[in-house]
Structure formats: C-alpha cells, structure tokens
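Chain residues, written in single-letter form:
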Protein chains: 2
Amino acid sequence: MTATPMNEPIMDLVAAKERGFTLDDCPVRDVLDKLSGKWATLLLFELHIGPKRFGVLRRSVPDISQRMLTQTLRTLERDGFISRTVKPTKPPSVEYALTDMGASFMPLIAEIVAWADQNHEQIRLMRRTFDAVE
Amino acid sequence: MTATPMNEPIMDLVAAKERGFTLDDCPVRDVLDKLSGKWATLLLFELHIGPKRFGVLRRSVPDISQRMLTQTLRTLERDGFISRTVKPTKPPSVEYALTDMGASFMPLIAEIVAWADQNHEQIRLMRRTFDAVE
DNA sequence: TAAAGTAGGCACATTGAGGTAACCTGCCAC
DNA sequence: GTGGCAGGTTACCTCAATGTGCCTACTTTA
C-alpha cells in the first residue's frame, strides 16, 4: 500500500533503457499502440478463438461501428498481426485470422488479463480512498 | 506470414470472455489505460530503477512537461501503482516510489519489451510490404 | 421489382490526450 | 527587497482517435 523497499530491478528493463528503448520511434510503442486502441485487443481476442468473417466479427463485437472495424482490421493486417483472405464464394466473403506472430502475442494479453483480474479490486479500493481524501 | 492453423486457444482468455471481460467498465481497461498513455510506462520504468523526486523524474524524462508529469503521477498514485511522500527538507521535497502492486506490474512490461524486441523487425517489414502494394 | 445481406468507402462532428506558457506558494540566499 | 528553486496549478490550444450517418456494388431471395 505504501512505498516498497524495491525488489531488485528487472535487468531486461534496465538494459532496454540503456539501448534507448524509451525514444519516440521506439519498437515498444508499436506494440503498445496495439494494446491502447479501443478495439484492437477485442478483435485479436475474437480471432484468437478462431478465424472469422467480417460480418461475424461485427456481430461478435456489437458496439463497434463498421468504420472502426474496417480501420482496425486494416492496421492489424498492416502490422502482420492478422491475415485477410478473400474467398470466391457467390458474394465474395473475407476471412480474417491471426497470423503466427499475432498468435504469439496472445499470451501477453492473457497475462495482462490475469494481472488485472488479481489486482482490480485493490486498484478500485485505492481509487476510492484517494478520491475520498479529495 | 499468412493464416495460422491456430495453435489451441488460451483457455484463460476464453474464460475471461465468458465472464464478460470485454465490457466497457472492464478491469482490463483500467490496466490497458496505464499502458496506453504516453508517459505512464516511462515513469514506471524510471521508478522501477529506484525512488525518485519530482525534479529528478523531470530530468530523467526530458521531453515531459511539468503538467503531464504531475498529471501522470497523480493518476498512477490514484490507482495505487506508486506512492507519494512529502519530506520535510528545507524546501520540502516529494519522493515517488513504486508500490508493491506497481512493482508486481513491471514483469508484464518486461515481457512486452522482450516481445517487441523480438518482433519489431518483422512488424516493420510487414508494414513496408503492405504499404508498397498500396 | 424490391428487400436484404455481403464488404466496405467517404464526410463530418466530437472528444479527450497531450502540449505551451504563465502564474502560484513557500522558503532560502543575496 | 529581488531572484531562484521546489512542486505544482490554471487557462488555452491542437490534433488524432473515435463515433455517426449515408453511399456503393454485387448477389440472392421473395
């Protein structure tokens, strides 16, 4: 709840800082931007269950607008997290799927979910306490 | 590079979805918002090395404005990631430090950094390829 | 002929994160 | 006094992310 006597620092992070990983064109930003968008993780989430078509995705994430669905899928495709395959059905359909790289990213999301699950009660408690004092 | 035959889904994620973790007041959002801000991770990064005073933090992250430094520190404190301690020195000084909860969050950041380190070349390759085709 | 379902595109408004710059409150030294 | 440092706060502005609504082009079904 208060200051910690500091468990020893994670050396990877110390090393990362020394390599300049805190700069603006930083590779980590590329990844963080995926996590930060409102929809990207939800879509990765859906595709992690299995490949899905455009319309199915839209119904799976009912709040998303068509525009944001298209746009988010594009940037995820652009960065190689998902693939887009047009199938020559009668009305051509488009299937989206995780790539191997995208799939390798999901364990990180799973860990974040797990951490959030373990800590969100304390976070909300701290928040209420902080707000109460003004 | 193309569609993956889908390694088996991570059951924690499937379970999370069934518990409604994709909703708007979702606990995961609370955590993702920390990662998404421009400065929060950098400040956690600095405090992970050790406790630091306001002015030291400002010099450690030279691009940050006083306003954003104060603001980001406040929200991190509000959510219990860091602690704020006023010390009765001649001009009173303020020391910021990771809390235990904040420290427990750092391994996740370390993993994201490691993943970004391994994959950013491919991401940028995919991006260039995608942009070339138009 | 009309409706409804495929997968989008385009134009505009909103909104919130972030930046800039100035001011403030103590306390110290000159 | 005047100036500086510490740690802020406040007002104002910008810009990118996101939302809303309407449009296309094609095909199947009623």
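These numbers were taken from a predicted model, which means no experiment stands behind them. (Residues numbered from 1 in each chain as written. Chains lettered and ligands numbered in written order. Predicted model: local features only at pLDDT ≥ 70, side-chain atom pairs only at ≥ 80, totals over all residues. Heavy atoms only, no water.)

Residues and elements named next belong to chain A. Applying the stated criterion across every chain yields a total of 18 salt bridges over all chains. K52 serves as the salt-bridge partner of E46, at 3.8 Å between the closest nitrogen and oxygen. The burial state of E46 is the same as that of K52; both residues are buried. Across the pair K87 and E95 runs a salt bridge, and its minimum N-O distance is 3.7 Å. (Salt bridge = Lys/Arg side-chain N within 4 Å of Asp/Glu carboxyl O. Buried < 20%, exposed > 50% of the residue type's maximum accessible area, 1.4 Å probe, protein only.)

Right, let's get into the relation of the copies chain B and chain A. Mapping chain B onto chain A calls for a screw motion: a turn of 180 degrees about the axis and a shift of 0.0 Å along it, with 0.1 Å RMSD after fitting. Read as a symmetry element, the transformation amounts to a two-fold axis. Looking at the rotation axis and the C-alpha trace of chain B, the residue lying nearest is S36 of chain B, at 2.2 Å. A shared interface surface links the copies, since 100% of the contact residues of chain B are contact residues in chain A too. (Least-squares fit on C-alpha atoms with pLDDT ≥ 70 in both. Contact = heavy atoms within 4.5 Å.)

Judged from the six bridges that link them, strand β2 (residues 82-87) of chain A and strand β3 (residues 93-98) of chain A form a sheet pairing that is antiparallel. Bridging across to β3 of chain A, T85 of chain A finds its partner in E95 of chain A. (Pairing = 2+ DSSP bridges. Helix = DSSP H or I, 4+ residues; strand = E, 2+ residues; numbered from the N terminus.)

Moving on, we come to the environment of I123 of chain A. As for its placement among the helices and strands, I123 of chain A is situated in helix α6 (residues 100-133). Measuring from C-alpha to C-alpha, the distance between I123 of chain A and R53 of chain A comes to 37 Å, with 70 residues separating the pair along the chain. Contacts of I123 of chain A, omitting those with residues within four sequence positions, involve W115 of chain A together with D79, F81 and M101 of chain B.

Our next topic: the protein's contact with DNA strand D. Near DNA strand D lie 19 residues; those nearest to it are K38, W39 and R67 of chain A together with R84 and Y96 of chain B. Each atom of DNA strand D within 4 Å of the protein was assigned to sugar, phosphate or base; sugar and phosphate come to 58%. Within the contact set of DNA strand D, a phosphate oxygen lies 2.3 Å away from a side-chain nitrogen or oxygen of R84 of chain B. In the model, a phosphate oxygen of DNA strand D is placed 2.7 Å from a nitrogen or oxygen of the Y96 of chain B side chain. At the level of secondary structure, the elements contributing two or more residues to the surface near DNA strand D comprise α5 (66-78) of chain A together with α4 (54-60), α5 (66-78) and β3 (93-98) of chain B. Looking at which element gives the most residues to the surface near DNA strand D, the answer is α5 of chain B, with four residues. Grouping the constituent residues of the surface near DNA strand D by class yields six nonpolar, six polar and seven charged. (Near = heavy atom within 4 Å. Polar contact = N/O pair within 3.5 Å; in protein donor to acceptor, adjacent residues only side chain to side chain. Nonpolar A, V, L, I, M, F, W, Y, C, P; charged D, E, K, R; others polar.)

Our focus in this paragraph is the interface of chain B and chain A. Residue-level contacts link 72 residues of chain B with 72 residues of chain A. Three residues stand out in chain B for area buried against chain A, namely L13, R78 and W115 of chain B, and they jointly supply 11% of the buried area on that side. Where chain B touches chain A, the interface holds twelve salt bridges. In this structure, the salt-bridge partner of D79 of chain B is R127 of chain A, at a minimum N-O distance of 2.8 Å. Put simply, chain B and chain A have 18 residue pairs in polar contact (both at pLDDT 80 or more) between them. Mapped by element, the contributors of at least two residues to the side of chain B that touches chain A are α1 (11-18), α2 (27-36), α3 (40-49), α5, β3 and α6 (100-133) of chain B. (Buried area = accessible area lost by both parts, 1.4 Å probe.)

Attention shifts here to the pairing of β3 of chain B. Residue and element names in this part refer to chain B. Taking burial as the measure, the six residues of β3 include five buried ones, the bulk of the element. The pairing of strand β1 (residues 52-53) with β3 spans two bridges and is classified as antiparallel. Bridge pairing links R53 to E95 in β3. With antiparallel pairing between neighbouring strands as the criterion, strand β2 (residues 82-87) and β3 make up a hairpin whose turn holds five residues.

Next up on the list: the domain arrangement of chain A. On domain assignment, one finds that chain A holds domain 1 (1-26) and domain 2 (37-133). Here the C-alpha centre of domain 2 of chain A lies 28 Å away from the C-alpha centre of domain 1 of chain A. (Domains from an automatic or database assignment.)

Two elements in contact, helix α2 (residues 27-36) of chain A and α6 of chain B, have axes whose closest approach is 8 Å; the angle formed by their N-to-C orientations is 90 degrees. As judged from the angle between their axes, α2 of chain A and α6 of chain B are roughly perpendicular. When α2 of chain A is examined against α6 of chain B, the residues P27, V28, D30, V31, L32 and L35 of chain A are found in contact with a partner set consisting of I112, V113, W115, A116, H120, R124 and R127 of chain B. (Axes fitted to C-alpha atoms, helices over the stretch in contact; angles between N-to-C directions. Parallel < 35°, antiparallel > 145°, perpendicular 65-115°, else oblique.)

Take the confidence of the model for chain A next. On average, residues of chain A score 89 in pLDDT, and 92% of them are at 70 or above. Here residues 2-6 of chain A is a poorly scored stretch, pLDDT under 50, and it has 14 contacts once near neighbours within four places are set aside; other chains count. (pLDDT = per-residue confidence, 0-100.)

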